[in-house]
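# Chains, contacts and geometry: an overview
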Amino acid sequence: MNADEFRDYMLGFIFYKYLSERMHLYANEILKEDGILYEQVNEDTTNGQEILEAVKEEAIEHLGYFLKPSELFGALVARGKGNGTSKFILDDLTTILRHIEQSTMGTESEDDFDNLFEDLDLTSSKLGKTESAKNELIVKVLTHLNAIDFGIEDTESDILGDAYEYLIGQFASGAGKKAGEFYTPQQVSTILAKIVTMDKEKLRNVYDPTCGSGSLLLRVAREMKSELEFYGQEMNRTTYNLARMNMILHGVHYRNFDIKQEDTLEHPQHSEMRFEAVVANPPFSAKWSANPLLMSDDRFSQYGKLAPSSKADFAFIQHMIHQLADNGTMAVVMPHGVLFRGAAEGHIRKYLIEDKNYLDAVIGLPANIFYGTSIPTCILVFKKCREMDDNILFIDSSQHFEKVKNQNFLRNEDIERIVNTYSSRETIDKYSYAATLDEVRENDYNLNIPRYVDTFEEEEPVDLEAVSDELKALESDMEVTDNTIADFCRQLNISTPF
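In short, a report on the structure. (Residues numbered from 1 in each chain as written. Predicted model: local features only at pLDDT ≥ 70, side-chain atom pairs only at ≥ 80, totals over all residues. Heavy atoms only, no water.)

### Digging into a negative patch on the surface
Residues D463, E465, D469 and E470 make up a contiguous surface patch of negative charge. Classification of D463 by relative accessible area gives partly exposed; the value is 47%. (Patch = residues over 30% accessible without salt bridge, like charges linked within 9 Å, V, L, I, M, F, W, Y side chains within 5 Å. Areas by Shrake-Rupley, 256 points an atom, 1.4 Å probe, with all protein chains shown as cover. Salt bridge = Lys/Arg side-chain N within 4 Å of Asp/Glu carboxyl O. Lys, Arg positive; Asp, Glu negative; His and termini not counted. Charge placed at Lys NZ, Arg CZ, Asp CG, Glu CD. Buried < 20%, exposed > 50% of the residue type's maximum accessible area, 1.4 Å probe, protein only.)

Now the structure itself:
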């Protein structure tokens, strides 16, 4: 099977083990006073069923889901390895995964667990030709996973969350073009997260309208000490499931995240809300409807024009600005075309700078740092209430990176330099420049970075006298060589080639 199919199985199983271990720990905590362990509860007795009912009520409230002792990961693996041979557990596994989803029905967490395991197809012939071959493989994988200590009782570290992020990143680099759909490279998400959290003690919420696997949202949380609420929207169903799993795996309580599956531009799900931090890495120059009816939509109406149907870049920017709170910061990754393309895009760009004065900074990134595309990209930073509202900062970091195989990477010092320069807004030769609004006006609102940051390296002057002497020396060398060849030709009694 290919990498993204394998991903769905592996991440699904890891997620099941995580839910199981959290359930186990939580149930043992509840039953500690009674002096019994969760796995000792007999599910077939009246007393056992009463205990399970009480545990279920607490678990649904605190964890958002419920698993019986027989449905725990370890118990299933033990059944699968009965007497040292593989016993048939595929039907059991299918039932357990369905039960996890069903346990949340009619509760607050229903939306967060609904169809969460739908991409885990245990009937696929890719797992094996026969049912027993499929079963043997699954038992082998689950047994291997069972031996790994996820260390989830250690609240200080987040081994599993980090491992999950790492795996998503690995699958992204292996999946090439498709990877951009669900993963923003960690170096880029770190820059976005540091910018939107800069100088903020607390953040109430963070929003990503194209949230992919949710990594960007979680990266913002890492920059903050306090708890915050996560909001996101994702169009791709598989990626949407990945995002919900990623949230839960990082210990985000089901009440603290709201990820929706829908087309953000056509059917926004959080349009009444405003967010203090807005981050995104939307699909570059995607097609969208650009339906004229959207001109009456609050997100687009004030601009007088819609982004072209062939390039939704500015539609995403308009949508995000609409969702941005007055005291918020927004950072979005875009292709360079948004900096200089004309027509409707030029009109929207001018409106954002001249009429609204929302654009705070333009940061040029190296080419080839995203999976599946080698085009150079930039980060645009917007604020509705700017502290330095008489200039726009331009940073050219396009030449500051490390090349690893066929991918470019931003090193820690590159990230730090971008963030520190954004914070200080200083002009650094061949790297950054704070352009006044008049300068941007003179350039007809064209934001192409080389217009503002001069990275031209002057060539050393050429010493024509030395070049002339070299040419004379070459002439005499050639004469010696020609004489030698002519002598050989005479000895061989053949005509010379010149």
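The rest of the description comes next.
### Comments concerning the nonpolar core
Of all hydrophobic cores here, the largest spans 98 residues; its most connected members are M23, Y38, I100, F117 and F230. Among the elements that take part in this core, helix α1 (residues 3–31) stands out by supplying 12 residues, more than any other. Setting aside its immediate chain neighbours within four residues, I100 contacts Y16, L19, Y65, F66, L67, F113 and F117. Counting 46 residues, the second largest nonpolar core, distinct from the first, contains I317, M330, L437 and L447. (Core = buried A, V, L, I, M, F, W, Y, C linked by side-chain atoms within 4.5 Å. Helix = DSSP H or I, 4+ residues; strand = E, 2+ residues; numbered from the N terminus. Contact = heavy atoms within 4.5 Å.)

### Let's talk about the packing of aromatic side chains
The tally for this structure, following the rule as stated, stands at 10 aromatic pairs. Ring centres of W288 and F300 lie 5.6 Å apart, and the angle between their planes is 50°; this geometry places the pair in the tilted category. Of this pair, W288 sits in the loop between β4 (275–280) and α11 (313–323) while F300 sits in the loop between β4 and α11; the two residues are 12 residues apart in sequence, bridging distant segments of the chain. Per residue, the accessibility class of W288 equals that of F300, and both read buried. These aromatic residues form a ring-pair network of at least three members: Y207, Y231 and F275. (Phe/Tyr/Trp six-rings, centres within 6.5 Å; stacked < 30°, edge-to-face > 60°.)

### Re helix α13 (residues 343–355)
Its 13 residues give α13 an end-to-end C-alpha distance of 17 Å, which sits within 8% of 18 Å, the value for a rise of 1.5 Å per residue. In this fold, the buried residues of α13 make contact with α11, α12 (337–340), β6 (359–364), β7 (377–383), β8 (391–396) and α15 (437–442). Positioned one or two residues after α13, N357 has a phi angle of 55°, which is positive. (Expected span 1.5 Å × (residues − 1).)

### Quick word on the environment of D4
Note on placement: D4 falls in helix α1. With a relative accessible area of 17%, D4 lands in the buried category. Put simply, D4 and F171 are 167 residues apart on the chain and 6.7 Å apart in space, counted from C-alpha to C-alpha.

### Section: the pairing of strand β1 (residues 205–208)
Alternating positions in β1 separate into two faces, N205 and Y207 on one and V206 and D208 on the other, with burial throughout. Where β1 meets strand β2 (residues 229–234), four bridges bridge the pair, whose relative direction is parallel. Paired with D208 across the bridge in β2 is G232. For the crossover that starts at β1, traverses helix α9 (residues 215–222) and ends in the parallel β2, the hand is right-handed. (Pairing = 2+ DSSP bridges. Right-handed = clockwise from strand over helix to strand, strands pointing away.)

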